Amino acid sequence: MQYILGKERAKDIIMNFLEERIQKDGVVKENNVLKVDSFLNHQMDVALFKQMGEEWKRRFADVPVTKILTIEASGIGIACVASECFDVPVVFAKKSRTINIDGEMYTAEVESFTHKCVNQIVVSKKFLNSDDHILIIDDFLANGCALQGLISVVSQSHATLAGIGIAIEKGFQPGGQTIRNLGYRLESLAIVDAMDAATGQITFRKQN
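Residues numbered from 1 in each chain as written. Predicted model: local features only at pLDDT ≥ 70, side-chain atom pairs only at ≥ 80, totals over all residues. Heavy atoms only, no water.

Colleague: Even after reading the chapter, I still don't get the overall build of the chain, so can you show me in this structure?
Modeller: A count of helical and extended segments in the chain gives five helices and 11 strands. Evaluated residue by residue, the chain yields a buried proportion of 47% over its 208 residues. For the chain, contacts bridging at least 24 residues in sequence account for 59% of all contacts bridging at least 6. Put simply, the chain shows about 10400 Å² of open surface, and 49% of that area lies on carbon and sulfur atoms. (Helix = DSSP H or I, 4+ residues; strand = E, 2+ residues; numbered from the N terminus. Buried < 20%, exposed > 50% of the residue type's maximum accessible area, 1.4 Å probe, protein only. Contact = heavy atoms within 4.5 Å. Areas by Shrake-Rupley, 256 points an atom, 1.4 Å probe, with all protein chains shown as cover.)

Colleague: I would appreciate a short explanation of helix α3 (residues 74-86) in the present structure.
Modeller: Because an α-helix completes one turn every 3.6 residues, residues spaced three or four positions apart along the sequence face the same direction. Looking at α3, one finds that the buried residues are Gly-75, Gly-77, Ile-78, Ala-79, Val-81, Ala-82, Ser-83, Cys-85 and Phe-86. Buried positions along α3 lie against α2 (46-59), β4 (67-71), β5 (90-93) and β8 (133-141). Where α3 terminates, the next one or two residues include Asp-87, which has phi positive at roughly 60°.

Colleague: Can you help me understand helix α1 (residues 17-25) in this one?
Modeller: Residues of α1 that are buried include every one of Leu-18, Glu-19, Ile-22 and Gln-23, and no others. One side of α1 holds all its buried residues, which, seen down the axis, span an arc of 140°. Capping of α1 at its N-terminal end is provided by Asn-16; its side-chain oxygen lies 3.0 Å from the backbone amide nitrogen of Leu-18. (Arc of directions from axis to C-beta. Polar contact = N/O pair within 3.5 Å; in protein donor to acceptor, adjacent residues only side chain to side chain.)

Colleague: Help me out: how do you make sense of the confidence of the model for the chain in this one?
Modeller: When pLDDT is low, close inspection of the predicted coordinates is not appropriate. For the chain, per-residue confidence averages 91 on the pLDDT scale, and residues scoring 70 or more make up 89% of the total. Confidence, read as mean pLDDT per element, is least for strand β1 (residues 2-5) in the chain (55) and greatest for strand β9 (residues 160-170) (98). Counting contacts from residues 7-12, a segment whose pLDDT is below 50, to residues more than four positions away or on other chains yields eight contacts. (pLDDT = per-residue confidence, 0-100.)

Colleague: I tried to follow unusual backbone geometry on my own but got confused; where do I start?
Modeller: For residues other than glycine, phi is negative in most cases, and the peptide bonds are mostly trans. Between Glu-72 and the following residue, Ala-73, the backbone shows a cis peptide bond with an omega angle of 5°. Positive phi is not limited to glycine here, since Asp-87 has a value of about 60°. Residue placement: Asp-87 occurs in the loop between α3 and β5. Here Asp-87 falls in the exposed class, since its relative accessible area comes to 70%. Not every positive phi belongs to a glycine, and His-158 is a case in point at roughly 65°. Take His-158: it is sitting in the loop between α4 (145-157) and β9. Judged by relative accessible area, His-158 falls into the exposed class, the value being 61%.

Colleague: Quick question: what am I supposed to make of the environment of Ala-108 here?
Modeller: Mapped onto the secondary structure, Ala-108 falls in strand β6 (residues 105-112). In the structure, Ala-108 is positioned 48 residues away from Gln-156 in sequence and 9.7 Å away in space, judged by C-alpha atoms. Apart from residues lying up to four places away in sequence, Ala-108 is in contact with Asn-119, Gln-120, Ile-121, Gly-149, Ser-152 and Val-153.

Colleague: What am I meant to see in the pattern of salt bridges here?
Modeller: Opposite charge on two side chains permits them to pair, given that their charged atoms come into close proximity. For the structure shown, the criterion picks out 13 salt bridges. Between Glu-55 and Arg-58 there is a salt bridge; the shortest N-O distance is 2.6 Å. Here Arg-58 and Glu-55 lie together in helix α2, a separation of three residues that amounts to about one turn. Classification of Arg-58 by relative accessible area gives exposed; the value is 54%. One salt bridge in this structure joins Asp-62 and Arg-185, with 3.0 Å as the shortest N-O distance. (Salt bridge = Lys/Arg side-chain N within 4 Å of Asp/Glu carboxyl O.)

Colleague: Whenever I open this one, the packing of α2 against α3 confuses me. Can you help?
Modeller: Two numbers describe a pair of packed helices, the interaxial angle and the distance between the axes. For the pair α2 and α3, the least separation of the axes is 8 Å and the interaxial angle reads 50°. Here α2 is positioned oblique relative to α3, judged by the angle of their axes. For the element pair α2 and α3, the recorded crossing hand is right-handed. Packed against α2, whose contacting residues are Val-46, Phe-49, Lys-50, Met-52, Gly-53, Glu-54, Trp-56 and Lys-57, the element α3 presents Gly-77, Ile-78, Val-81, Ala-82, Cys-85 and Phe-86 at the interface. Its residues placed into classes, the contact of α2 with α3 shows nine nonpolar, two polar and three charged. (Axes fitted to C-alpha atoms, helices over the stretch in contact; angles between N-to-C directions. Parallel < 35°, antiparallel > 145°, perpendicular 65-115°, else oblique. Left-handed = near helix turned anticlockwise from the far one by under 90°. Nonpolar A, V, L, I, M, F, W, Y, C, P; charged D, E, K, R; others polar.)

See below:
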């Protein structure tokens with residue numbers, strides 16, 4: 001089930017807190033771009049991030065989580081605030097190997113939908129191991145390339161993937177369905193099924 005929202009109709013629909021914020025401050029652009037840089041991935045609303053962390057904590061209350069894994073750069077702020085709700089450390093995958101990274105690494109190639117490039121992400125092996133229960137958290141899910149790279153890192157470490165928490169999923173792109181078809185537990189706080197740049201309308205998928 002879906003519900004389609006224009007700015008004037010938002011007050012008539014029951015939305016969750018993140019959908020409300022997207023409806024209020026998100027900007028729909030051409031080429032399936034949803035700009036949320038005023039509160040999510042440039043300027044950051046930390047109080048909103050705390051709500052997101054609390055909601056993921058509620059949704060993943062039935063599984064152990066020992067570490068949160070994300071990818072630089074825009075996932076880091078969300079993951080760090082969420083980590084306070086889980087009381088666990090955050091590990092973030094770097095998109096380049098720098099001189100202060102030493103020792104053995106887990107690596108994976110990731111294609112960026114936003115930046116139209118391929119990065120080799122790296123995570124030091126000393127920060128993930130087979131005893132860990134990993135919750136992956138990121139801001140956007142479109143084609144799923146970044147997530148598959150992070151899943152590969154978890155697999156290489158022989159850790160348990162407890163689940164995946166996404167702020168905004170573009171449900172009209174294949175990433176979410178691909179990840180679910182692979183059998184992973186995916187909890188997206190807002191799923192956008194369609195956007196219209198001409199009218200600003202956003203179609204959200206109804207979730208329980």
